[in-house]
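Residue-level structural notes
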Amino acid sequence: MASHDLHFSVNNGDGSNLERARPGEMDHLPDQASSAQPSSIEYIQAKLAQSSHPFVIIFHLIFKSLALTLYIFGGFFVGGGTKAQKGAHFVALSVAIILLLAADFWVVKNVTGRLLVGLRWWNQVNEESTTWIFEAAEDKAINAFDRRVFWTVLYATPLMWSALFLLGLLKFNFSWFMVVMMALALNSANVYGYYKCSTDQKAKFQQMMQTGASEGAAYMVRSNVLGFITGATRYAAGAPAANSATYV
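Residues numbered from 1 in each chain as written. Predicted model: local features only at pLDDT ≥ 70, side-chain atom pairs only at ≥ 80, totals over all residues. Heavy atoms only, no water.

1. Thoughts on the overall build of the chain
A tally of helices and strands in the chain yields eight helices and two strands. Its helices and strands taken in sequence order, the chain reads α-α-α-α-α-β-β-α-α-α from the N to the C terminus. Classification of the 248 residues of the chain by burial places 23% in the buried group. Of the roughly 17,500 Å² of accessible surface on the chain, a fraction of 65% belongs to carbon and sulfur atoms. (Helix = DSSP H or I, 4+ residues; strand = E, 2+ residues; numbered from the N terminus. Buried < 20%, exposed > 50% of the residue type's maximum accessible area, 1.4 Å probe, protein only. Areas by Shrake-Rupley, 256 points an atom, 1.4 Å probe, with all protein chains shown as cover.)

2. Quick notes on the confidence of the model for the chain
Averaged over every residue, the pLDDT of the chain is 77; residues scoring 70 or more account for 67%. A low-confidence stretch, residues 239-248 stays under pLDDT 50, and its non-local contacts, those more than four residues away or across chains, total zero contacts. (pLDDT = per-residue confidence, 0-100. Contact = heavy atoms within 4.5 Å.)

3. Concerning the packing of helix H3 (residues 54-73) against helix H6 (residues 144-170)
Two numbers describe how H3 lies on H6: the axes approach to 11 Å, and their chain directions differ by 15 degrees. Between H3 and H6, the angle falls in the class roughly parallel. The interaxial crossing formed by H3 with H6 has left-handed handedness. Across the interface between the two elements, Ile 57, His 60, Leu 61, Lys 64, Ala 67, Leu 68, Tyr 71 and Ile 72 of H3 pack against Asp 146, Val 149, Phe 150, Val 153, Leu 154, Thr 157, Met 160, Trp 161 and Leu 164 of H6. A class-by-class count of the residues in the contact of H3 with H6 yields 13 nonpolar, two polar and two charged. (Axes fitted to C-alpha atoms, helices over the stretch in contact; angles between N-to-C directions. Parallel < 35°, antiparallel > 145°, perpendicular 65-115°, else oblique. Left-handed = near helix turned anticlockwise from the far one by under 90°. Nonpolar A, V, L, I, M, F, W, Y, C, P; charged D, E, K, R; others polar.)

4. A closer look at the pairing of strand S1 (residues 119-125)
Two strands pair when backbone bridges link them, and S1 and strand S2 (residues 130-136) are joined in this way by seven bridges, in the antiparallel orientation. Opposite Arg 120, over in S2, you have Glu 135 as the bridge partner. Once S1 ends, the chain turns through four residues before running back antiparallel as S2. (Pairing = 2+ DSSP bridges.)

5. Points about helix H7 (residues 177-197)
An α-helical turn contains 3.6 residues, so any two residues separated by three or four positions project in the same direction. The end-to-end C-alpha separation of H7 is 30 Å, in line with the 30 Å expected for 21 residues at 1.5 Å each. All buried positions along H7 are accounted for by Phe 177, Val 179, Val 180, Ala 183, Leu 184, Leu 186, Asn 187, Asn 190, Val 191, Gly 193, Tyr 194 and Cys 197. (Expected span 1.5 Å × (residues − 1).)

6. Here's the deal with the pattern of salt bridges
When their charged atoms lie close together, side chains carrying opposite charge are able to pair. Scanning the entire structure with this criterion turns up two salt bridges. The closest approach of N and O atoms between Glu 135 and Arg 120, which form a salt bridge, is 2.6 Å. Of this pair, Glu 135 sits in strand S2 while Arg 120 sits in strand S1; the two residues are 15 residues apart in sequence, bridging distant segments of the chain. Exposure remark for Arg 120: the relative accessible area of 36% places this residue in the partly exposed category. (Salt bridge = Lys/Arg side-chain N within 4 Å of Asp/Glu carboxyl O.)

7. Some words on the packing of aromatic side chains
Under the defined criterion, the tally for this structure stands at twelve aromatic pairs. Judged by centre distance (5.2 Å) and plane angle (85 degrees), the ring pair of Phe 150 and Tyr 194 falls under edge-to-face. Here Tyr 194 lies in helix H7 and Phe 150 lies in helix H6, a separation of 44 residues in the sequence. Judged by relative accessible area, Tyr 194 falls into the buried class, the value being 0%. A connected cluster of aromatic rings, assembled from ring pairs, spans Tyr 71, Phe 90, Trp 161 and Trp 176. (Phe/Tyr/Trp six-rings, centres within 6.5 Å; stacked < 30°, edge-to-face > 60°.)

8. Digging into the packing of H6 against H7
One can describe the packing of H6 onto H7 by two numbers: an axis separation of 9 Å at closest approach and a directional angle of 155 degrees. By the criterion of interaxial angle, the relationship of H6 to H7 is roughly antiparallel. The way H6 lies across H7 gives a crossing that is left-handed. For the pair H6 and H7, contact is made by Phe 150, Trp 151, Leu 154, Tyr 155, Thr 157, Pro 158, Trp 161, Ser 162, Phe 165, Gly 168 and Leu 169 and by Phe 177, Val 180, Met 181, Ala 183, Leu 184, Asn 187, Ser 188, Asn 190, Val 191, Tyr 194 and Tyr 195, respectively.

9. Observations concerning the environment of Leu 68
Mapped onto the elements of the fold, Leu 68 is located in helix H3. Each C-alpha atom, one on Leu 68 and one on Leu 100, is 9.5 Å from the other, the two residues being 32 residues apart in sequence. If sequence neighbours within four positions are ignored, Leu 68 has contacts with Met 160, Trp 161 and Leu 164.

10. Regarding the environment of Val 56
Relative to the helices and strands, Val 56 resides in helix H3. Residue Val 56 is classed as buried on the basis of its relative accessible area of 12%. Sequence separation between Val 56 and Thr 112 is 56 residues; the distance between their C-alpha atoms is 6.0 Å. Contact partners of Val 56, with chain neighbours within four places excluded, come to Thr 112, Leu 115 and Leu 116.

Listed below in C-alpha cells is the structure:
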C-alpha cells in the first residue's frame, strides 16, 4: 500500500541535501494558485474586456459615482466647525456636486451615447424657435455589453436620486434639495432624449405597457367572474330558505 508520508528536502548548512520529496507525493495536495479567487481589479478588467469602448464605459460611470459619493458622504465634511465654516463647506460641496453633474450630463449627451449605443440628441437654435433633433445610427454594430451597461446606468441613476430626494423629504433635510433637483433634471433630460432616439426602447416600453394593461384587464375579468359565481352560489343557497319561510 502506498504511503502518504511527506518527505522534505533538508539543508544541513554545507550545501548538501539529506532527503528529497519522492515523485508523486505532493500530487494529492490542493493547488493554491488554481483555487485562488480573482481579485476585484481582475474582475473589473475581465468585465471591461467585454466592452468595445472600455474607457468610455469608465467615463459613463465615474462622474455619476463621484457625485453620488459626495452627496451621500458629504455630511461628514459639513458637520464640524463653526456655523460659518459649515456654511462654507456646504457651499463648496454643493458646487462640486453640481459641477460633477454638469460634466456627467455633457459626457453622456455628447460622447457615451454616441459611442456605446449609436444615439445622439441635440437642439438647433434658430432665430425664432428651437428644434430638438433625435438621431440614431442605422449601420452601427452595437456591443451587447456596452448597450446593457449604458441603459442600466442611465435608468438607475435618476431612480437613485429620486430615492435620495424622498429620504431627504422624510428627514426634513431641505438644504440639499437644490442639488437633488439639479441631479434629477439633468439625468431625466438624458433619459428622455435617448428614449426619443431609440426605437428599440420605445418598443420595449410599449410592450411593457401593453403587458401591464393585459394583466390588469385579465385580473379584473377574473375578479368579476369570481364575484358573479360567488354571488350566484350564495343566492342559490339562500333561495329555498326564503321560499320555505314565505309559504309556511
